[in-house]
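Take a look at the letters that make up each chain.
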Amino acid sequence: MTENQERIVVVTGASRGIGRSICEVFAGPGTRIFFNYFSPADPEAEKAAAAETVAVVEKAGGRAQGMWANVSVADEVDSFFKKVMGEAGRVDVLVNNAGITRDSLLVRMKEDEWDSVISVNLKGPFLCTQQAAKIMMKQRCGKIVNIASVVGVMGNFGQANYVSSKAGIIGLTKTCAKELAPRGVTVNAVAPGFIETDMTAALSDKARDRMLDTIPLARPGKPADVASAVAFLASDAGAYITGQVLHVNGGMYM
């Protein structure tokens, strides 16, 4: 990356919540952000939310473009990265943030609930990292940051699928860090704890209180807390860090 080149950042699942905050923390003059969004249940609402992310980035002086793509489908991921390369010609940062939940007790969990979560949360980062790695290895530089979760190291009641996907993200991070380090590419993970998002807003008051009782700082985190950690790992200040998991959880896991 030369002094006058735009910094090209790719973020998955950035129409709202943590993904949007990640786009916002990278936004500014000299940065161009590409992100995907996907929600077949309510495509119009998802498109509107993606437009809000674009507006947030542009307000900060950056450029952003959202694209409808399912990260769990190889052909769609391939098309997404071809679009990025066709318009920008490089990828400097990839943040694998897209994720879903389909919570259920193990003995009641349906096979499709398992498959859908693993496909988006683990297969998606595999497919996106594979595409980005090919680009970054040729560049001999790049930063990849995966969004894991505190439950990926602790386990969690009623989330066998989600926990497994996030534990898998940590393993994927460490393996990719080893494989890509010789080409100057770093790969790290950020593991959020209880963060205020649309996903956690669906919790009952009882479940929320139970969760807060496990946090020494006695409050939930904000999407910006996670975004700041991602920005650090993707910055020059994090250049000598790879294969690590940065926990952002208010002391929930130590």
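Residue numbers run consecutively from 1 along every chain, following the written order of its sequence. Where local features are concerned, this predicted model is filtered to residues with pLDDT of at least 70; where side-chain atom pairs are given and counted, the filter is 80 or more; whole-chain, interface and lining totals use all residues. Working from all heavy atoms in the structure, the side-chain values ignore hydrogens and water.

Trainee: Residue-level account of helix α6 (residues 160–180), with values.
Mentor: Helical geometry: 3.6 residues make up each α-helical turn, so side chains three or four residues apart lie on a common side. By definition, any uninterrupted DSSP run of H or I lasting at least four residues is a helix, any uninterrupted run of E lasting at least two residues is a strand, and each is numbered from the N terminus. Helix span is expected to be 1.5 Å times the residue number reduced by one. With 21 residues, α6 should reach 30 Å at 1.5 Å per residue; the first-to-last C-alpha distance of 30 Å fits that figure. Relative accessibility under 20% of the residue-type maximum defines a buried residue, over 50% an exposed one, and the middle range a partly exposed one, all with a 1.4 Å probe and only protein chains included. Along α6, the residues classified as buried are Asn161, Tyr162, Val163, Ser165, Lys166, Ile169, Ile170, Leu172, Thr173, Cys176, Ala177 and Leu180. Contacts: residue pairs with any heavy atoms within 4.5 Å of one another. Where α6 is buried, its residues meet α4 (111–139), β5 (142–147), α5 (151–154), β6 (185–192) and β7 (245–248).

Trainee: Any chance you could break down the packing of helix α3 (residues 74–88) against α4 for me, citing the residues and the numbers?
Mentor: Each axis is a line fitted through C-alpha atoms, taken for helices only over the stretch in contact, and angles between the N-to-C directions span 0 to 180 degrees. Here α3 crosses α4 at 35 degrees, and the two axes come no closer than 9 Å. For the crossing formed where α3 meets α4, the hand is right-handed. Of the residues in α4, those in contact with Ala74, Val77, Asp78, Phe81 and Met85 of α3 are Leu127, Cys128, Gln131, Ala132 and Ile135. Tallied by class, residues from the contact of α3 with α4 come to eight nonpolar, one polar and one charged. A crossing counts as left-handed when the near helix is turned anticlockwise from the far one by less than a right angle, and as right-handed when that turn is clockwise. Basically, the charged four are Asp, Glu, Lys and Arg, the nonpolar ten are Ala, Val, Leu, Ile, Met, Phe, Trp, Tyr, Cys and Pro, and anything else, Gly included, counts as polar.

Trainee: Which residues make up the pairing of strand β2 (residues 31–37), and what are the values?
Mentor: In terms of burial, β2 is largely enclosed, as seven of its seven residues are buried. What you see with β2 is no split at all: Thr31, Ile33, Phe35 and Tyr37 on one side and Arg32, Phe34 and Asn36 on the other are buried throughout. Two elements, strand β1 (residues 7–11) and β2, share five bridges in a ladder whose sense is parallel. For Val9, the partnering residue across the bridge sits in β2 and is Ile33. As for the winding sense of the linkage, the β-α-β connection from β1 through helix α1 (residues 17–26) to β2 is right-handed. Strand pairing requires that DSSP identify at least two bridges connecting the strands. Pairing of β2 with strand β3 (residues 63–68), which is carried by six bridges, proceeds in the parallel orientation. The residue bridging Phe34 from the neighbouring strand is Gln65, located in β3. Crossover handedness is defined by viewing with both strands directed away from the observer: a clockwise path from the first strand over the helix to the second marks the crossover as right-handed.

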